[in-house]
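Structural overview for review
Each chain, written out:
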Amino acid sequence: MSSFSNIKYILSAGLMLFAFTGCQKNNPNMKNSGGNLLTGDPHSFLQTNGATVKHLELALEVNFVEQTLNGWAEWTLNPNKSDTLILDTRDLKINAVYLNNNSGPATFSMGKNDPVLGQALIIPINRHTQKVKIIYKTSAHAAALQWLKPSQTKGKQLPFLYTQSQAILARSWIPCMDSPGIKFTYNAKIKVPANLMALMSAENDTILHSNGVYHFSMPYPIPSYLMALTVGNLQYKSLGKNCGVYSEPETIKEAAFEFTDMEKMVNAASSLYGPYAWGKYDVVVMPPSFPFGGMENPRLTFATPTIITHDRSLVALIAHELAHSWSGNLVTNKTWDDFWLNEGFTVYFENRIMEALYGKEYADMHEVIGYGELKKTLKEMGENNPNTALKQNLKGMDPDDAVNDIAYEKGRFFLLYLERKVGRAQWDAFLKEYFNHYRFQSISTEEFLQFLNEKLVDKNKESASKINLNEWINAPGLPASFPVITSNLLDDAKQLAVTFSEGKPLRTASTSKWHTFQWLHFLRNLPEKLSSAQLAGLDQAFHFTNSNNAEILCDWFQLAIRNNYKPAYPAMENFLNTVGRRKFIQPLYALMKATGQTETALKIYKNAKPGYHQVSSHTIDQILVSE
Ligand code: BES
Ligand code: ZN
C-alpha cells in the first residue's frame, strides 16, 4: 500500500483532473430497485452477471475535527467479462476513480439516491480491469459512524469513534458490495491522532503506536457488514492463550474480571462445532451509547459496557458473539431475508456454550426466558403476521427495522426441535459438518434446507417423517411442534411473584443467590397493575431502582412506567441519558407513548438523542416523532 503522503498526492491530482474532465455523470437509467439475481439481495445495487470483488485495500485518515474518514478503497476484482462495476455507497463524496494502475482518472456515475439504500456507484470497466481504486471521503452524518465527545467516554479526556456496519451501513463509510452474499479479504492502513488506538475486525496490535498509524490484515473472506473500526483511548489485557479484552484504561480491570471465562468459552465452542477459524478472539468494550449488546466483528467483538455488572451474570452475550464466529461469520446468511440463519443458529449455539460452562439449569432458564420473549413478540406482531415466519421478505424495507425476536428465538427453537427429533449426538455431528461444509460461504434458507434434508432428514426416515419444516420456515406464529421447555429455577421465581401478588409477605432470603434470569422472570410475572405502595415495597426489599444490572433495570422501569411510579423516574431518565442500547431504550420510550406519557418521553429524548448512535435514534424517531 502506498503511504499517506501518496494518498494526498493522488487525491489532489484526482481532484484537479476531476474538475477539468467533469467525469462524474448522473445516470438516469440506473433504477433504484436494488434487486438482483446474482445474490437475490434486495438491499444492494449489485447486478446480475456483474463483476464481483475479492480483496480490498483500504487507507483512511480519521479526522475528529471534521468528523470524516478520508482516503481510498482499492478493490481487486474476480475475473469477469462485465463492462461495469457497481458498488453501494451512501452519503460518500467520491472524488475520483482509477482503474488498474492508470495515472489518469476513469469515468464514473452515480445512481439515483434512495434514503435507505443510498446510491449506486457505477464504474465502466473492461475485461482487463483488475483493480479499481476509489478516492473518497465520508459525510459528517455517515450512518455507520458515531463520533463521541470526550464527555461521552469513561475517561472524559479523549474522543472516541466506532462503526456499526450491520445490516447495510458499511456503504456509508466504504464504497463496497454491501451484500452479505459477497465476501472478500482486506488489508487496511488507518491514521489516527497520535494518542489514540485504532482497532479493526482483523489482526490487531495490542499497543499504542506513537505515530498514529495502524496496519490491519484480514486474510479470510468476510462480508461487508463485518467491516469494523474503532478508535479511542484503549488498553489491552490478555485473558488466556488466544483471547483478551480491550477497553478504556479506567474499566480494563473490571472488564477482565467480567470476561474471565472467555478462553473456556472458545474451547467449549471449538469442541462442539469444530476449530475456531479466526486465530484470536478479543472483545472491545464500547462506550454506553453502543446501539447493540454486541456486534460479532471477526476477531474483535464490540460489546456494550452494560454487561459489566461485576458478577459475570450477563456473559451469555459474549458466548453469543463468539458463537457468531461459526454461525454468521463462517457460514453467512445470503441475504437479510435469511437472517435467522445467522441469529437463530447463534442463540442455539450460545446456549450450548453456556450449558457446557455453567450446566443444564442455566440452559433451561435461557430457553424459558427466550420463549417468553418470543411469545411477547408474537403477541405484538400478531400470530398471523407473515413477518413472523423464519424466512423473511424484506424487499422495500430497511433490514434494520426488521430485527426482532423471530429470527433469534423462533430460529433457536427450530434447531432445538430438530435436536430433539434426531438426538443430540447426531444433531451435533450434523451441525459440525454444516459449518465445515459451508465455511467462508454465504447460503440461503433453501440451501440450508436442502443440506438438512440430505444429511439429516433422509437418514432418519423413521423419526424424520414427522419433521415439519414448513410450519417453522414459512408459516407465521408458533408451530404446533414447538418443543416443551421447563426451568425449576424460574418456577421458583414465578412462585414468588404469585406470593407477592396475593399480598403475602416476601422471604428475601430465598432470593440471595438468584440469577438475573430469575429476577427477570419474577418481574415479568408480577401483575401489570401495581399500586405505588406495592412498588415501593418491592423496591425497598430488592433495590431495583439502584440496580447496576441494565437487564433488570429495563424491566423494572417498564413496571414503573405502566404504573406511573414516579420515584423510579429520575433513575430511568439517567439510564436513558447514558445507555444507547436499542433493546433497552426502545421498550421504555414505546411504553411511555402507549401509556399517555409522550410528553415526558419527548422531553427525555430531546436531551438524550445527541448521545445515541443513529441506529437507535432512527428507531426512537419512528416511535415518538414520525406518527
Ligand atoms: N449481529 C447482532 C446485532 C445486529 C443485528 C446488528 C442486526 C445489526 C442488525 C448481534 O450478534 C446480536 O444479536 N446482538 C444481541 C445480543 C444478544 C442476543 C445476546 C444484542 O445486541 O442484543
Ligand atoms: Zn447475534
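Here goes a summary of the coordinates provided. The structure presented is a predicted model; accordingly, all values stated were derived computationally and were not measured.

**Observations concerning the overall build of the protein chain**
A tally of helices and strands in the protein chain yields 19 helices and 21 strands. Taking 2.2 N^0.38 as the reference for a compact globule, 627 residues should give roughly 25 Å; the C-alpha atoms of the protein chain span a radius of gyration of 25 Å, in line with that estimate. Overall size of the protein chain, expressed as C-alpha extent along the three principal axes, is 85 × 60 × 50 Å. A buried classification covers 59% of the 627 residues belonging to the protein chain. A fraction of 72% describes how many contacts in the protein chain between residues 6 or more apart in sequence connect residues 24 or more apart. Carbon together with sulfur atoms contributes 51% to the accessible area of the protein chain, which is approximately 24900 Å² in total. Between the averaged position of the 60 positive side-chain charges in the protein chain and that of its 58 negative side-chain charges there is a distance of 3 Å.

**Concerning the environment of P150**
Examined against the element boundaries, P150 turns out to sit in the loop between strand 9 (145–148) and strand 10 (160–163). With a relative accessible area of 27%, P150 lands in the partly exposed category. Beyond its immediate chain neighbours, meaning those up to four positions away, P150 contacts K156, Q157, L158 and P159.

**Concerning the coordination of the zinc ion (ligand 2)**
Protein coordination at the zinc ion (ligand 2) comes from H320 (NE2), H324 (NE2), E343 (OE) and E343 (OE), with a distance range of 2.0 to 2.7 Å. Its six donor atoms give the zinc ion (ligand 2) angles of 52 to 160° at the centre, a pattern that matches the irregular case. Donor residues for the zinc ion (ligand 2) sit on one chain with the sequence pattern H-x3-H-x18-E. Of the two residues, H320 is situated in helix 4 (residues 316–323) and E343 in helix 5 (residues 339–358); the sequence distance between them amounts to 23 residues. Each member of the pair H320 and E343 is classed as buried.

Criteria and cut-off values
- Residues numbered from 1 in each chain as written.
- Chains lettered and ligands numbered in written order.
- Predicted model: local features only at pLDDT ≥ 70, side-chain atom pairs only at ≥ 80, totals over all residues.
- Heavy atoms only, no water.
- Helix = DSSP H or I, 4+ residues; strand = E, 2+ residues; numbered from the N terminus.
- Rg over C-alpha atoms; globule rule 2.2 N^0.38 Å.
- Buried < 20%, exposed > 50% of the residue type's maximum accessible area, 1.4 Å probe, protein only.
- Contact = heavy atoms within 4.5 Å.
- Areas by Shrake-Rupley, 256 points an atom, 1.4 Å probe, with all protein chains shown as cover.
- Lys, Arg positive; Asp, Glu negative; His and termini not counted.
- Charge placed at Lys NZ, Arg CZ, Asp CG, Glu CD.
- Donors = N, O, S within 2.8 Å, 3.2 Å for Na, K, Ca; no water.
- Tetrahedral: all angles 85-135°; square planar, octahedral: opposite > 155°, others 65-115°.

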